[in-house]
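Coordinate inspection notes
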Amino acid sequence: MENQFKVENNLKRYTMQFIFTKYWLFLFSFFSLFSFTEPAPQTFTFVQVADTQLGFEDYEKDLQSFNQAVKQINEINPDFVIICGDLVNVANDSSYADFLNIKNKLKVPCYCVAGNHDIQKIPNDTSLVYYRKVIGKDYYSFMHKGYTFIIANTQLWNGEVENESEKHDHWFKKTLEVARKKKSSVFVAGHSPIYVEDPAEQTGYFNLPPAKRKEVLNLFRENNVVAYLSGHAHRLIVNNFEGTQMVTSETTSVNFDKRPLGFRVWKVSAGTVTHESVPLKY
Ligand SMILES: [Zn+2]
């Protein structure tokens, strides 16, 4: 009961904090700090990369940027890396071979998310079968030092894909339920932001449809979701949804907000999570 009280307390506190710091977060969110409900003694670091999107504007430059990111990530030596989708701009054997060739230079495990450029805005059998054959699973979870990491397929949330979306939803809810029973704090990673500025905003290119958005946010609220990591928007977005950090990272291909190309380093330490951007060194 004492823990449960702390949860509610924290949620209220972060909601208030969010109201007062929303604009500050948008302007100065190189760094942010927050606490969550199940303090854990484990300390670790992981990296969020977004939209390597080889060939978005300049194929050679994108190759070079992704290579540089891998080099810097290896120097940082995090526990693992999550790439939040749009691995390539046009999914084919050649672009994925280039992507895998660079990705495989990482000295730590790397978990890929499927984006709209990988499996289409609304996937189909062909795009899913191809992605699963070349890259691997498009949704899965893993444990790390007591925390649950869920890699979701947000493209299956963008529209109802027969035999796929329902299965994915069932798996997602079940995985959250297992984590809740274990009292494991959860990080979710996907490609599309759930919302960009306001949970009640209109449907657009960079968010999820309102009904699915509401459903997913309810699941975040009901479970111990510490953070949601995404890409797709090609700009930094940091929101706080009732205590869940919603972080869309800078990319290594093109940033529409003119921020330097780069990635984001997350540190988890004794119940505290921080994240900061690391620009590519050219
Ligand atoms: Zn995208």
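Going by an unreviewed UniProt entry, the protein carries the name Calcineurin-like phosphoesterase domain-containing protein and comes from Mariniphaga sediminis.

Strands pair in a sheet through their backbones, by hydrogen bonds, and they do so in one of two ways: parallel or antiparallel. Ordered in space as E5-E6-E7-E8-E10-E9, the six strands form an open sheet in which the pairing is mixed. Single-partner strands in this sheet number two, and they are strand E5 (140-144) and strand E9 (237-241). Within this sheet the neighbouring strands show an average axis-to-axis angle of 15°, counted without direction. The pairing of E9 with strand E10 (residues 244-248) spans five bridges and is antiparallel.

To continue, consider the pairing of strand E6 (residues 147-151). The buried fraction of E6 amounts to five of the five residues, a majority that puts the element mostly inside the structure. Pairing of E5 with E6 involves five bridges; the strand directions are antiparallel. Its bridge partner lying in E6, His144 is registered against Tyr147. Where E5 folds back on E6, the antiparallel hairpin that results is connected by two residues, among which Lys145 adopts a positive phi of roughly 50°. With four bridges connecting them, E6 and strand E7 (residues 186-189) associate as parallel partners. Bridging from a neighbouring strand, Thr148 pairs with Val186 of E7.

Grouped together as the largest cluster of nonpolar side chains are 61 residues, with contacts concentrated most on Phe187 and Ala189. No other element matches the five residues that strand E8 (residues 225-230) contributes to this core. Contact partners of Phe187, with chain neighbours within four places excluded, come to Tyr147, Phe149, Val226, Ala227 and Leu229.

Here the focus is the pairing of E8. Among the six residues in E8, six count as buried, and that is most of the element. Pairing of E7 with E8 involves four bridges; the strand directions are parallel. Following the sheet pairing, Val188 is matched in E8 by Tyr228. Read as a crossover between parallel neighbours, the route from E7 over helix H8 (residues 210-222) to E8 is right-handed. As judged from the four bridges shared by E8 and E10, these two strands associate in the parallel manner. Note that in E10 the partner of Leu229 across the bridge is Val247.

Quick look at the confidence of the model for the protein now. Mean pLDDT for the protein: 89, with 85% of residues reaching 70 or above. Across residues 1-32, where pLDDT falls below 50, the model places 24 contacts with residues more than four positions away in sequence or in other chains.

Residues other than glycine seldom take positive phi values, yet Lys145 does so here, at roughly 50°. Mapping Lys145 onto the fold places it in the loop between E5 and E6. Phi is positive for Lys258, close to 70°, though the residue is something other than glycine. The residue Lys258 is located in the loop between E10 and strand E11 (262-269) in this model. In this structure Lys258 comes out as exposed when scored by C-beta crowding, with 6 C-beta atoms within 10 Å.

Rules of the game
Residues numbered from 1 in each chain as written. Predicted model: local features only at pLDDT ≥ 70, side-chain atom pairs only at ≥ 80, totals over all residues. Pairing = 2+ DSSP bridges. Helix = DSSP H or I, 4+ residues; strand = E, 2+ residues; numbered from the N terminus. Axes fitted to C-alpha atoms, helices over the stretch in contact; angles between N-to-C directions. Buried ≥ 20, exposed ≤ 12 C-beta atoms within 10 Å, placed from the backbone. Core = buried A, V, L, I, M, F, W, Y, C linked by C-beta atoms within 7 Å. Contact = placed C-beta atoms within 7 Å. Right-handed = clockwise from strand over helix to strand, strands pointing away. pLDDT = per-residue confidence, 0-100.

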